[in-house]
Amino acid sequence: MNSSPFVEMECCQITKDGQSACGDDFQWERDESENRHIAVLSDGLGSGIKANLLANMTTTMALKFMHSDADILQSAETIMDSLPVCEVRKISYATFTIVDMLAGSGRTRVIEMGNPGYIQLRGTREIPPFSRRTLVSKNWPDREMTVSELQMTLGDRLIFCSDGVTQAGLGQPHCKFGWRREGCMEFARKLIEDTPDISARELSRTIAFNALSINKGRRCVDDTSCAVIYLRNPRKLRVITGPPFHKEDDAKFAAMAADRDYTVIICGGTTSNIIQRELHTRVEIDLAQVKYAGGLPPPGEMAGVGMVTEGILTLTRVAALLESHSLEDAPLAAHKILDRFDESDVIEFIVGTKVNEAHQDPSLPVDLEIRRNIVKKLKDLLINEYRKKVTIQYI
Amino acid sequence: MAEKIKLEICCGTTCFMLGAAEIMQLATNMPPDLDGHVEVTGLACMNACLNENLGHSPFVRIDGKLIGNATVEMVCDELRKRLNGGGDNE
């Protein structure tokens, strides 16, 4: 197995119609020192805030227990004992799927209680676990748990979902018993056959929204979550911003933009000028789309290199959009950068540290953020909220 | 048809904030008398703002001639001058 496949982990969630909160919860944790990835999906009893609370308590506790390598059965008992009892149904309940993966070796453990069974696909082939056992708690004899041990390898995908997916379309003439796990798996296989490199993000979204389309009137009748883990060769993005501190580094700096292993974005006018000059290329900025520019300078293309945008204002807006998790009214340049972030697993910022004298102009109507601060903020957001691997190199 | 007049607008941070954003609107909103006679493109920062002798942001270039302190009116006037056979070439 490749020593460092990237673990792309995505979950698409759709909230039941009429509810303000999703009754499913998905949480994850990455321990860089062990290259260990833990993900938990829980479906709380009922829907709305109450279900959300149950699911959230379950994912939070499960993540902590797994991380501290606590005994599985004891952990599950603690979770079930802790959940508040539903006044209507007189039971406490939240299902869960826990995935604990050591990405270096591919050894993975999946612990399931009540959720639809996970699917492991190698290409389009389903891979069974090499061992599976059942655990039953004395205190909760009706809550069986299965623990599956499996081997993930580069290119494998793990799909797990809430019953909003597998029970989609229940009672409809064409699927009386719902979409079921098999229907979902066949759909995923077809998608992978058509698009072998389909990302975890795209696959999870397509499955979740297809489940919705099976429901009568395309209504979301139950909280619907689909999580996908994909072990892939990382898609690498390099964001180059700011001129180098020493002019002697210009050539080395420009060579970084020419590296074919990376998708490249250049953020900054002076930066792009240096790269244009060193690589003997040029930037084209099409003003035809200026109506979508939305208060930011429009993006351009540097022949043979990649996208070019303005620097500080654009990156500041990108950080704000990342923070708000919304693309609403996103200016074109920021939208394009966010799209490229989405399509990347590993993001490397190359930050030139020379101060731009033009930014010190006292007639500027607003204070410009300091480049290093924005990039640092972007890094934190991309790691903590978007599960990306991010590095910053100053030059 | 005669060759179009080339209008290039600096898209650098300083120019953009000091008025280039409005000038860029000419790309889709050219006055009727100039419409069809001008090719508008964006330009990565020319660093003109670092040279005090060249004027102040925002900067545009019309058929190669650099113009500082540019405004929409000034740019349109210059374009009209060129369209009517006036103006110089640098």
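Residues numbered from 1 in each chain as written. Chains lettered and ligands numbered in written order. Predicted model: local features only at pLDDT ≥ 70, side-chain atom pairs only at ≥ 80, totals over all residues. Heavy atoms only, no water.

So, about the pattern of salt bridges. Pairing of side chains with opposite charge becomes possible as their charged atoms draw close. Residue and element names in this part refer to chain A. Overall, the coordinates contain 30 salt bridges over all chains when judged by the stated rule. In this structure, the salt-bridge partner of R30 is E32, at a minimum N-O distance of 3.2 Å. With a relative accessible area of 16%, R30 lands in the buried category. With its nearest N and O atoms 3.4 Å apart, the salt bridge here joins D250 to K247. Using a relative accessible area of 4% as the deciding quantity, one classes D250 as buried. (Salt bridge = Lys/Arg side-chain N within 4 Å of Asp/Glu carboxyl O. Buried < 20%, exposed > 50% of the residue type's maximum accessible area, 1.4 Å probe, protein only.)

On inspection of all chains with the given rule, the structure shows 4 cavities of 30 Å³ or more. Together, 31 residues line the largest cavity, and G268(A), G269(A), G12(B), T13(B) and C45(B) are the ones closest to its centre. Looking at the lining of the largest cavity, the elements that each hand over two or more residues are α7 (269–279) and β16 (306–309) of chain A together with α1 (13–24) of chain B. When residues in the lining of the largest cavity are grouped by element, the largest group, 4 residues, is from α7(A). As for the second largest cavity, its lining consists of A62(A), F65(A), M66(A), I72(A), S75(A), A76(A), I79(A), F96(A), I98(A), I111(A) and M145(A). (1 Å grid on protein atoms, 1.4 Å probe; cavity = no way out; pocket = protein on both sides within 12 Å on 5 of 7 lines; lining within 4 Å. Points joined across faces, edges and corners; volume = space filled by probe spheres on them. Helix = DSSP H or I, 4+ residues; strand = E, 2+ residues; numbered from the N terminus.)

The pairing of strands in a sheet comes from backbone hydrogen bonds and takes either a parallel or an antiparallel form. All names here are of chain A. Taken in spatial order, the 5 strands of this open sheet run β1-β11-β10-β6-β7, and their pairing is antiparallel. Of all strands in the sheet, those bounded by a partner on one side alone are β1 (6–14) and β7 (125–126). Here strand β6 (residues 119–122) pairs with strand β10 (residues 156–161) via 4 bridges, running antiparallel. Note that in β10 the partner of I119 across the bridge is I159. Contacting β1, β10 and β11 (224–232), helix α5 (residues 200–214) crosses the sheet at an angle of about 25 degrees to β1. (Pairing = 2+ DSSP bridges. Contact = heavy atoms within 4.5 Å. Axes fitted to C-alpha atoms, helices over the stretch in contact; angles between N-to-C directions.)

Right, let's talk about unusual backbone geometry for a bit. Leaving glycine aside, a negative phi is the common case for residues, and trans is the common case for peptide bonds. A cis amide bond links S57(B) with the next residue in sequence, P58(B), at an omega value of 0 degrees. Within the fold, P58(B) resides in the loop between β2 (38–43) and β3 (60–62). Of note, H325(A) is a non-glycine position whose phi angle comes to about 55 degrees, a positive value. With respect to the helices and strands, the residue H325(A) is situated in the loop between α8 (312–324) and α9 (332–342). In this structure, D329(A) is a non-glycine residue whose phi angle is positive, near 60 degrees. Residue position: D329(A) is located in the loop between α8 and α9.

So, about the interface of chain A and chain B. Taken residue by residue, the interface counts 25 residues in chain A and 23 residues in chain B. Between chain A and chain B, a total of about 1900 Å² is buried, with carbon and sulfur atoms accounting for 68% of that surface. Three residues, I285(A), L287(A) and V290(A), lead the burial of chain A against chain B; their summed loss comes to 29% of the area buried on that side. The interface formed by chain A and chain B holds 0 salt bridges in total. Between chain A and chain B we count 3 residue pairs in polar contact (both at pLDDT 80 or more) in total. Classifying every residue of the side of chain A that touches chain B gives 13 nonpolar, 9 polar and 3 charged. (Buried area = accessible area lost by both parts, 1.4 Å probe. Polar contact = N/O pair within 3.5 Å; in protein donor to acceptor, adjacent residues only side chain to side chain. Nonpolar A, V, L, I, M, F, W, Y, C, P; charged D, E, K, R; others polar.)

All names here are of chain A. What the rule picks out here adds up to 3 aromatic pairs over all chains. Seen in terms of ring centroids, F26 and F160 are 6.5 Å apart; in terms of plane orientation they differ by 40 degrees. Their pairing is tilted. Note that F26 is positioned in strand β2 (residues 24–31) and F160 in strand β10, a separation of 134 residues in sequence. Neither residue differs from the other here; F26 and F160 are each classed as buried. Taking the centre distance of 5.4 Å and the plane angle of 65 degrees together, the rings of W179 and F187 count as edge-to-face. You can call W179 buried: its relative accessible area is 12%. One cation-aromatic arrangement involves R157 over Y230; the distance from NZ or CZ to the ring centre is 3.9 Å. (Phe/Tyr/Trp six-rings, centres within 6.5 Å; stacked < 30°, edge-to-face > 60°. Lys NZ or Arg CZ within 6 Å of the ring centre and 35° of its normal.)

Residue and element names in this part refer to chain A. When cut into domains, chain A gives domain 1 (6–232) and domain 2 (236–394). Of the residues lining the interface, 11 residues belong to domain 1; the matching set on domain 2 comes to 8 residues. Counting the contacts that link domain 1 with domain 2 gives 3 salt bridges. Linking domain 1 with domain 2 are 4 residue pairs in polar contact (both at pLDDT 80 or more), by the criterion used here. With 5 residues, β1 is the single largest residue contributor to the side of domain 1 that touches domain 2. Split by residue class, the side of domain 1 that touches domain 2 holds 5 nonpolar, no polar and 6 charged. (Domains from an automatic or database assignment.)

Moving on, we get to the sheet that holds strand β5 (residues 107–113) of chain A. Residues and elements named next belong to chain A. Spatial ordering of the open sheet is given by β2-β3-β4-β5-β9-β8, a layout of 6 strands whose pairing is antiparallel. Of all strands in the sheet, those bounded by a partner on one side alone are β2 and β8 (131–135). Averaged over all adjacent pairs, the angle separating strand axes in this sheet is 10 degrees, with direction ignored. For β2 and strand β3 (residues 36–44), the ladder comprises 8 bridges, and the chain directions are antiparallel. Paired with W28 across the two strands is A39, which belongs to β3. Against the sheet, helix α2 (residues 72–82) touches β4 (94–102), β5, β8 and β9 (145–151), its axis set at about 135 degrees to β9.

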